[in-house]
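So the chains spell out like this:
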Amino acid sequence: SAFPTVTNTATVYNENDTKTTNNKASHGVTVRKGSTCESEPEDCSVSLRKTHTGVASIGGELEFTLQWSNSCRNNVPTATVSDVLPAGLELVSATSSDASTSTAGNTVTFLITPMVGGGVGQGVVTARIAGTATPGSTIINVANFADSAGHTAQASDSVRVRNAAEDCAVSL
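Computed from a predicted model, the values in this text were never measured in an experiment.

Describe in detail the overall build of the chain, supporting the description with residues and values.
Counting its secondary structure elements, the chain contains 0 helices and 11 strands. Counting helices and strands in the order they occur from the N terminus, the chain gives β-β-β-β-β-β-β-β-β-β-β. Here the chain holds 172 residues, and the buried ones make up 28% of them. For the chain, the accessible area works out to roughly 10700 Å², and carbon and sulfur atoms hold 51% of it.

Describe the side chain of N141, and please don't skip the residues or the numbers.
With respect to the helices and strands, N141 occurs in strand β10 (residues 138-147). Among the polar contacts listed, one links the side chain of N141 to the side chain of K50, at a separation of 2.8 Å. Other than its neighbours up to four places away in sequence, N141 contacts K50, F64, D83, V84, L85, P86, L89, A155, S156 and D157.

An account of the sheet that holds strand β3 (residues 46-54) is requested, with residue identities and associated values reported.
Here we have 4 strands laid out as an open sheet, ordered β3-β4-β9-β6, and antiparallel in their pairing. With partners counted over all chains shown, the strands left at the sheet margins are β3 and β6 (89-95), one partner each. With strand direction ignored, the average angle separating the axes of adjacent strands in the sheet is 25 degrees.

Just give me the short version of the state of the cysteines, but keep the residues and values in it.
One pass over the full model with this rule turns up 1 disulfide. Paired through a disulfide, C44 and C72 show a sulfur-sulfur distance of 2.1 Å. Across the S-S bond of C44 and C72 the torsion is about 75 degrees, and the bridge reads as right-handed. Taken together, the positions of C44 in the loop between β2 (24-30) and β3 and C72 in the loop between β4 (61-70) and β5 (79-84) put the pair 28 residues apart, joining distant regions of the chain. By relative accessible area, C72 is classed as buried at 1%.

Break down the nonpolar core for me, with residues and values.
The biggest cluster of nonpolar side chains holds 29 residues, and the ones touching the most others in it are L48, W68, F110 and F145. Elements represented by at least two residues in this core include exactly β3, β4, β5, β6, β8 (107-112), β9 (120-129), β10 and β11 (152-160). Sorting elements by how many residues they give to this core places β4 first, with 4 residues.

Account for the confidence of the model for the chain, with residues named and values stated.
This prediction gives the chain a mean pLDDT of 84; 70% of its residues lie at or above 70. Low pLDDT, under 50, characterises residues 32-40; the stretch is placed with 6 contacts to residues that sit more than four places away or in other chains.

Account for the sheet that holds β11, naming residues and giving values.
Taken in spatial order, the 5 strands make up an open sheet running β7-β8-β5-β10-β11, and their pairing is antiparallel. The sheet is open, and its two borders are formed by β7 (100-104) and β11, each paired with just one other strand. Within this sheet the neighbouring strands show an average axis-to-axis angle of 15 degrees, counted without direction. Relative to β10, β5 runs antiparallel, the two being bridged by 5 bridges. The partner of A79 across the bridge, within β10, is D147.

Mind laying out the environment of G123, listing which residues take part and the relevant values?
Along the chain, G123 turns up in strand β9. Separated by 13 residues in sequence, G123 and F110 have C-alpha atoms that sit 7.4 Å apart. Excluding residues that lie within four positions of it along the chain, G123 makes contacts with F64, T65, L66, W68, T95, S96 and F110.

Conventions and cut-offs
Residues numbered from 1 in each chain as written. Predicted model: local features only at pLDDT ≥ 70, side-chain atom pairs only at ≥ 80, totals over all residues. Heavy atoms only, no water. Helix = DSSP H or I, 4+ residues; strand = E, 2+ residues; numbered from the N terminus. Buried < 20%, exposed > 50% of the residue type's maximum accessible area, 1.4 Å probe, protein only. Areas by Shrake-Rupley, 256 points an atom, 1.4 Å probe, with all protein chains shown as cover. Polar contact = N/O pair within 3.5 Å; in protein donor to acceptor, adjacent residues only side chain to side chain. Contact = heavy atoms within 4.5 Å. Pairing = 2+ DSSP bridges. Axes fitted to C-alpha atoms, helices over the stretch in contact; angles between N-to-C directions. Disulfide = S-S within 2.5 Å. Core = buried A, V, L, I, M, F, W, Y, C linked by side-chain atoms within 4.5 Å. pLDDT = per-residue confidence, 0-100.

Structure (structure tokens):
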């Protein structure tokens, strides 16, 4: 069966107008089955946030908290957050109650199945400042998000490796 067309017509009138053939405009829209918001692409986004706590001196441990969110109203079947620890950081552990967690070398992967529409989740990566890190240097830790709907996000957190003298407080 054919789908109906809805036509919107606008007409203008001016009593001094001598050319009335150009006073009307119309535009038709064909109504299709399922032409609701659900069948159109969603205007939504995902986000990834990364913060840390802990002592940033050689041998000190840091906890990087990664928080992901989905502003889409629909679930996404699968999503992955990966955190490849850069030189200067050594992986200690990784956990999440919102995703399955796997590690390989200095890489942590959180697999979220499904990523619930409107939902948030988080994972924690514990890392140690390596003995090879240079005091005073900055280590930038970057994590990436990708899902099966094509959304991507990235978050980073910088850590300044402290000198041993900065860890001691001297008072006289």
